[in-house]
Amino acid sequence: MGQVFGCIQVDQSTVAIRESFGKFDAVLDPGCHIMPWCIGMQTAGILSLRIQQLDIRCETKTKDNVFVTVVASVQYRALSEKASDAFYKLSNTKEQIQAYVFDVIRSSVPKLELDSVFEQKNEIAKAVENELGKAMSHYGFEIVQTLIVDIEPDEQVKRAMNEINAASRMRVAANDKAEAEKILQIKRAEGEAESKYLSGLGIARQRQAIVDGLRDSVLAFSSNVPGTTSKDVMDMVLVTQYFDTMKEIGASSKSSSVFIPHGPGAVRDIASQIRDGLLQGQTV
């Protein structure tokens, strides 16, 4: 509507390209400008100076023959001082940028193995940014920043990587569990050995005390009762212990222990006692 009256409004963050009879004449900054259409002046187009973003997906192959899809995000803008170059030199800016990105990624990633691609994605992004910056500056564009936002291996490769990672973690867990069980068994064995050692010391001291007591008893009895021998004293002690044992067994209502003679000699003694008893019965 403004061109009817010979003027044009250019919005903020944009520039207008003015032509005179089809030839580039000037770059119009934001504001109001006179556009005398009657003498061949016209607006060829509007060029935005805002930062734009282009997301590019590039499929390529790594050094270890794994196909990956690299997703790059390129942020760029037209330079106001080179607005004429940005408007006239390129017919499709996005396709031009995409071609350079493909070229750099497909020349960089095949030199790296899959793990290195993930580790060096910042270096790849820097290489793309440098190459794009040099190329697009001739066309009036500035590359603000280039990011590698994602690296997507093939689905089967990702599944295999997850399985490898899971197996590795399970192996570490199994080793830790086995090591813990080993330590537990060692400590248990050390505890049992210490317990048996202390138990052995107690039994040895108990037996030593019994032997010392018996020796003292035998010596005291022999000195107080003339004519007795050590064997007589030991026989009396054993008989006394026998009756004490029988007394304790009889005193306990829940006792289930029964002492009977055993061994070949004991069997012969029992048979003799039975035979003598029968003979005595017949005699009577």
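Look up: the structure comes first, before these words.
Only a predicted model underlies this, so the values are computations on that prediction, with no experimental measurement involved.

Participant: Which residues make up the side chain of Thr14, and what values go with them?
Facilitator: Secondary-structure assignment places Thr14 in strand β2 (residues 14–20). Only 2.5 Å separates the side chain of Thr14 from the backbone oxygen of Asp11, close enough to count as a polar contact. Sequence-distant contacts of Thr14, that is, excluding residues within four places in its chain, are made with Pro30, Ile46, Leu47, Ser48 and Leu49.

Participant: Lay out the side chain of Thr60 with the relevant residues and their values.
Facilitator: Inspection of the secondary structure assignment puts Thr60 in strand β6 (residues 52–61). Note on Thr60: relative accessible area 7%, which makes it buried.

Participant: Explain a negative patch on the surface to me, and be specific about the residues and the numbers.
Facilitator: Taken together, the side chains of Asp64, Glu113, Asp115 and Glu119 present a region of like negative charge at the surface. Tracing the sequence through the fold places Asp64 in the loop between β6 and β7 (67–78). Residue classification places Asp64 among the partly exposed residues on the basis of a relative accessible area of 34%.

Participant: Explain the sheet that holds β2 residue by residue, including any values.
Facilitator: The strand order β3-β2-β5 describes an open sheet built from 3 strands, whose pairing is antiparallel. Two strands bound the open sheet, and with one partner strand each, they are β3 (23–28) and β5 (41–48). Averaged over all pairs of adjacent strands, the angle between their axes in this sheet comes to 30°, without regard to strand direction. Sheet topology note: the β2/β3 ladder contains 5 bridges and is antiparallel. Its bridge partner being in β3, Arg18 is matched across the sheet by Ala26.

Here is what the cut-offs are and how they apply
- Each chain carries its own residue numbering, running from 1 in the written order of its sequence.
- Local features in this predicted model are restricted to residues whose pLDDT is 70 or higher, and side-chain atom pairs enter the listing and the counts only when it is 80 or higher, whereas totals over whole chains, interfaces and linings include all residues.
- As a rule here, side-chain values cover all heavy atoms of the structure and leave hydrogens and water aside.
- Helical segments are the DSSP runs of H or I of at least four residues, strand segments are the runs of E of at least two, and each set is numbered from the N terminus.
- Under the rule applied, a polar contact is a pair of N or O atoms within 3.5 Å (in protein, one hydrogen donor and one hydrogen acceptor; residues adjacent in sequence only if both atoms are side-chain atoms).
- Contact criterion: two residues are considered in contact whenever any of their non-hydrogen atoms come within 4.5 Å of each other.
- The cut-offs for exposure are 20% and 50% of the maximum accessible area for each residue type, with area from a 1.4 Å probe on protein chains only; residues under the lower value are buried, those over the upper are exposed, and the others partly exposed.
- The patches described consist of residues with a relative accessible area above 30% and no salt bridge, like charges being joined within 9 Å and nonpolar side chains (Val, Leu, Ile, Met, Phe, Trp, Tyr) within 5 Å.
- Values of accessible area rely on a 1.4 Å probe in the Shrake-Rupley scheme; residue burial ignores everything except the protein chains shown.
- A pairing counts as a salt bridge when a side-chain nitrogen of Lys or Arg comes within 4 Å of a carboxyl oxygen of Asp or Glu.
- In this tally, Lys and Arg are treated as positive and Asp and Glu as negative; His is ignored, and so are the chain termini.
- Working definition for charges: the position is that of NZ of Lys, CZ of Arg, CG of Asp or CD of Glu.
- Two strands are counted as paired when DSSP detects at least two bridges linking them.
- Only C-alpha atoms enter the line fits that serve as axes; for helices the fit covers just the stretch in contact. Angles between N-to-C directions range over 0 to 180 degrees.

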